[in-house]
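An overview of the molecular structure
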Amino acid sequence: MSLKQKTLDLKKRMREALEGGGTQAIEKQKSGGKLIARERILALLDPKSFHEYDLFVEHAAKDFDMDKKYLPGDGVITGTGTIFGYPVCIYAQDFTVAGGSLGYMHAKKITKIMDHAMKMNVPLIGINDSGGARIQEGVNSLAGYGEIFYRNTQASGVIPQISVILGPCAGGAVYSPALTDFVFVVDKISKMFITGPEVIKTVLGEEISMEELGGAKIHAEISGNAHFYAESEQECFEQIKRLVSFIPWNNTRRALPFVKKEPNTKNYNIEKIFPSDPKQPYDVRDIIRAVSDDSDFLEVQERFARNIVIGFGRINGETVGFVANQPLYLAGVLDVDSSDKAARFIRFCDAFNIPLVTFVDLPGYLPGIDQEHAGVIRHGAKVLYAYSEATVPKITVITRKAYGGGYIAMCSRHLKADFVFAWPTAEIAVMGPEGAANIIFRKEIMEAEDPEKMRQQKIKEYKDKFANPYVAAAYGYVDAVIEPRETREFLVHSLEISINKNEKGPFKKHGIPPF
Amino acid sequence: MAKKTKQMHQVKPEFFHLILDDTSYKTLPIRKYTSRKKYQRKDDSLINAIIPGIIGKIYVKEGDEVHHGDKLLELEAMKMYNQILSPLNGKVKKISVASGDKVTKDQLLIEIEPFTANE
């Protein structure tokens, strides 16, 4: 055969493989409002950057007449490409081929691209759309999952790992996304659960739809398994691109700097947004936008545990991770979910050299039997652990209330914050003036002729003396009391000063965080 | 009916006051906070089905004296014969099911009258 003939032969083979599951299966996928696997990759990566590998991989199963079946690419597409010129390894399960089911060679393709991502030290993106284990391949499909989970764990904290759920992802398959750093879901398309509605009905007699059990909204708002929620696949890809622009390629680098841009202080004017009365709500995201470059803020887990806000922004062109109590929801308290949410984010930032900026305004922990029984002690401990362990620059701004255990947990000086600033409105104390006065002056109030008048007088006394930043400043727990409008300038400067921070903890194999 | 639908679609959350340490904070609720279940103290004298299933053997009859750990009945669920044991010492007050009955989750099976301290 001449080169030309050989080339034609190659093209013919490729055409066959690229057909995926055939016209009918592709039509079915598209009628569900879903893109097919290769289209998804192309929509996400820079134009012409995608290079596919292992297109000619074939499955190796023999039982149940599998040897007579041809599954193009064995139901998964793998390769490399770029996002904004940023190298990534990627795989996408192809639901049109045997329902994207995971067999031995399918898993081999995934683990091969994972190993590649680790060797090349670049982020890994996995697009999940699969009916689950390929039952005909028996224990080999289970082995495949196990090999993936092992690699997810090994890669954790070394390269960023992103999971995109664009179809069903059920049973054991959910654990690969759960082990990765960010999970993206799309309304009406993503479905994640360990046991489906049918099993639940048989075993427990409880009826629930797939959407109510493990749809995108549930994972974004209730379970907290998802980090980003989108209405369409296209919106989801835009979110992924935005996230990638904020994070570094691997744990030895810093995120790529951007051209610095001043915040839009016309729309986000702290003095207008911020009520000095600690009992009044405001949206802390507006404070973050008031200090971040171009007022740009990418919120993570926007719908889950809204009483704390986490996400990425930039200050002077450099990526920072923001953690902020959100007085707009539940007065910004720490509870089981918000502790979990913050702790994981702090550990991500620490692993990937992203400085942490914390805004503190919380009355403490949420009281409740449900909270205590759900383990608010061990969940709350995660925040202390994550902040204490973090060695990236840690800058804390106490804006209003910082009471009790909440004050300590929110990256206080005592957990080795590098810089602690407080606004003049800050109240750093064991508890709010009302509660404190009622305890300390119980006797005086009870014995007074007019107890209510005495109570108000004592509250005022306590407020004047302790509800301010100056007691903490007098001990050096606060480095500087600053005007709110000076905040950005102080952040810019303290981040510049921290650029060479190189702190190392004691030698250990690894710590034992209160998971 | 129309009114009800309208209410269901009303997504704008309303501010409420959260009281912590005698201070009242104006704030918004979140879905999980609003839908949290009120704590209910467990009454050991009421034996409920922990899982839906079918009643197998019943080892006791009304009026029997039972002790902590005694077998009360068998509940077949998830392909297992689960032995339901008495959580306390007392007298069987009422048996609400019969062998072969299909029961739902949380259904009351047996009521036990606990012994008082001096019995």
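The structure under discussion appears in the preceding block.
Let us look at the structure shown here. The structure displayed is predicted, hence computed values, not measured ones.

**Section: the overall build of chain B**
Looking only at helices and strands, chain B has two helices and ten strands in total. Reading the secondary structure of chain B in the N-to-C direction produces α-β-β-α-β-β-β-β-β-β-β-β. Each of the 119 residues in chain B was classed as buried or not, and the buried ones make up 21%. Within chain B, counting contacts between residues at least 6 apart in sequence, those at least 24 apart form 50% of the total.

**Topic: the overall build of chain A**
When helices and strands are tallied, chain A shows 21 helices and 17 strands. Along the first, second and third principal axes, the C-alpha atoms of chain A reach 105 × 55 × 45 Å. The buried share among the 515 residues of chain A stands at 49%. For chain A, long-range pairs separated by at least 24 residues make up 74% of all intrachain contacts whose partners lie at least 6 apart in sequence.

**Section: unusual backbone geometry**
Residue and element names in this part refer to chain A. One non-glycine residue, Lys-48, lies in positive phi territory at about 65°. Structurally, Lys-48 is set in the loop between α3 (37-44) and β1 (51-53). Taking the number of C-beta atoms within 10 Å as the measure of exposure, Lys-48 has 9 and is therefore exposed.

**Concerning the interface of chain B and chain A**
Contact residues are listed per partner, giving 22 residues for chain B and 26 residues for chain A. Those elements that provide at least two residues to the side of chain B that touches chain A are β1 (16-20), β2 (23-27) and α2 (31-34) of chain B. Of the residues forming the side of chain B that touches chain A, the biggest block, five residues, is contributed by β2 of chain B. Here the residues of the side of chain B that touches chain A are counted per class, giving eleven nonpolar, four polar and seven charged.

**What to know about the environment of Lys-188 of chain A**
Residues and elements named next belong to chain A. Secondary-structure assignment places Lys-188 in the loop between β7 (182-186) and β8 (191-193). For Lys-188, a count of 14 C-beta atoms within 10 Å gives the class partly exposed. In the structure, Lys-188 is positioned 44 residues away from Ser-232 in sequence and 8.8 Å away in space, judged by C-alpha atoms.

**Things to note about the environment of Ile-445 of chain A**
Residues and elements named next belong to chain A. Along the chain, the position of Ile-445 falls in helix α18 (residues 442-447). Measuring from C-alpha to C-alpha, the distance between Ile-445 and Ala-216 comes to 53 Å, with 229 residues separating the pair along the chain. Not counting residues within four places of it along the chain, the set of residues in contact with Ile-445 comprises Pro-451, Met-454, Arg-455 and Lys-458.

**A few points about the sheet that holds strand β4 (residues 124-128) of chain A**
Strands belonging to one sheet form pairs held by backbone hydrogen bonds; the direction of such a pair is parallel or antiparallel. Residue and element names in this part refer to chain A. As summarised here, the arrangement of the seven strands in space is β1-β2-β3-β4-β5-β7-β9, forming an open sheet in which the pairing is mixed. Pairing within the sheet leaves two strands with one partner each, and these edge strands are β1 and β9 (228-230). In this sheet, neighbouring strand axes are inclined to one another by 20° on average, regardless of whether the strands run parallel or antiparallel. As paired elements, β4 and strand β5 (residues 161-165) share five bridges and run parallel to each other. Within β5, the position partnered with Ile-127 by the bridge is Val-164. In the packing of helix α4 (residues 104-120) onto the sheet, contacts are made with β2 (76-83), β3 (86-93) and β4, and the angle to β2 comes to roughly 25°.

**A short note on the sheet that holds strand β9 (residues 102-103) of chain B**
Residues and elements named next belong to chain B. Sheet architecture is open: four strands sit in the order β7-β6-β4-β9, paired in antiparallel fashion. In this open sheet, the two strands that pair with only one neighbour each are β7 (80-85) and β9. Pairing of strand β4 (residues 53-58) with β9 involves two bridges; the strand directions are antiparallel. Across the sheet, the residue bridging to Ile-54 is Lys-102, located in β9.

**Here we look at the environment of Pro-355 of chain A**
Examined against the element boundaries, Pro-355 of chain A turns out to sit in the loop between α13 (336-351) and β13 (356-362). Discounting chain neighbours no more than four positions away, the residues touching Pro-355 of chain A are Val-320, Val-392, Pro-393, Ile-395, Leu-495 and Ser-498 of chain A.

**Some points on the nonpolar core**
Ranked by internal contacts, the top residues of the largest apolar core, which has 140 residues, are Val-164, Phe-184, Val-185, Ile-240 and Ile-346 of chain A. In terms of residue count, α13 of chain A provides more of this core than any other element does, seven residues in total. Every residue in contact with Ile-240 of chain A, bar those within four places of it in the chain, is listed here: Leu-44, Ile-162, Val-164 and Phe-184 of chain A. In this structure, Ile-47, Leu-73, Leu-75 and Val-103 of chain B belong to the second largest nonpolar core, which totals 13 residues.

**Details of the packing of helix α17 (residues 433-440) of chain A against helix α19 (residues 451-466) of chain A**
Residue and element names in this part refer to chain A. Interhelical geometry of α17 versus α19 gives an angle of 115° and a closest axis separation of 9 Å. The handedness of the crossing between α17 and α19 is right-handed. Residues Pro-433, Glu-434, Ala-436 and Ala-437 of α17 pack against Arg-455, Lys-458, Ile-459, Tyr-462 and Lys-463 of α19. Across the contact of α17 with α19, the residue classes break down as five nonpolar, no polar and four charged.

**Describing the packing of α13 of chain A against helix α15 (residues 376-389) of chain A**
All names here are of chain A. Look at α13 against α15: their axes get within 8 Å of each other, and the N-to-C directions meet at 20°. Judged on the interaxial angle alone, α15 and α13 are roughly parallel. For the element pair α13 and α15, the recorded crossing hand is left-handed. Note on element contacts: α15 touches α13 through Val-376, His-379, Gly-380, Lys-382, Val-383, Tyr-385, Ala-386, Tyr-387 and Glu-389, opposite Val-336, Ser-339, Asp-340, Ala-342, Ala-343, Ile-346, Arg-347 and Asp-350.

**Overview of helix α2 (residues 22-31) of chain A**
Burial analysis of α2 of chain A places just one of its ten residues in the buried class, a small minority of the element. Within two residues after α2 of chain A, Gly-33 of chain A carries a phi angle of roughly 75°, on the positive side.

**Side note on the pairing of β13 of chain A**
Residue and element names in this part refer to chain A. Burial runs high along β13: seven of the seven residues are buried. Residues Leu-356, Thr-358, Val-360 and Leu-362 point to one face of β13 and Val-357, Phe-359 and Asp-361 to the other, with burial holding for every one of them. For the handedness criterion, the β-α-β arrangement of strand β12 (residues 318-325), α13 and β13 is classed as right-handed. As paired elements, β13 and strand β14 (residues 394-403) share six bridges and run parallel to each other. Residue pairing in the sheet places Val-357 in a bridge with Ile-395 of β14.

**Focus on the pairing of β2 of chain A**
Residue and element names in this part refer to chain A. The element β2 is largely enclosed, with a buried count of six among its eight residues. Looking at chain direction, β1 and β2 are connected through three bridges and run antiparallel. Each bridged residue has a counterpart across the sheet, and for Tyr-53 the counterpart in β2 is Thr-78. Relative to β3, β2 is paired through eight bridges, and the arrangement is antiparallel. Residue pairing for β3: Thr-80 is matched across the bridge by Cys-89. Connecting β2 to the next strand, β3, in antiparallel fashion are two residues, including Phe-84 with a positive phi near 50°.

The rules behind these values
- Residues numbered from 1 in each chain as written.
- Chains lettered and ligands numbered in written order.
- Predicted model: local features only at pLDDT ≥ 70, side-chain atom pairs only at ≥ 80, totals over all residues.
- Helix = DSSP H or I, 4+ residues; strand = E, 2+ residues; numbered from the N terminus.
- Buried ≥ 20, exposed ≤ 12 C-beta atoms within 10 Å, placed from the backbone.
- Contact = placed C-beta atoms within 7 Å.
- Nonpolar A, V, L, I, M, F, W, Y, C, P; charged D, E, K, R; others polar.
- Pairing = 2+ DSSP bridges.
- Axes fitted to C-alpha atoms, helices over the stretch in contact; angles between N-to-C directions.
- Core = buried A, V, L, I, M, F, W, Y, C linked by C-beta atoms within 7 Å.
- Left-handed = near helix turned anticlockwise from the far one by under 90°.
- Parallel < 35°, antiparallel > 145°, perpendicular 65-115°, else oblique.
- Right-handed = clockwise from strand over helix to strand, strands pointing away.

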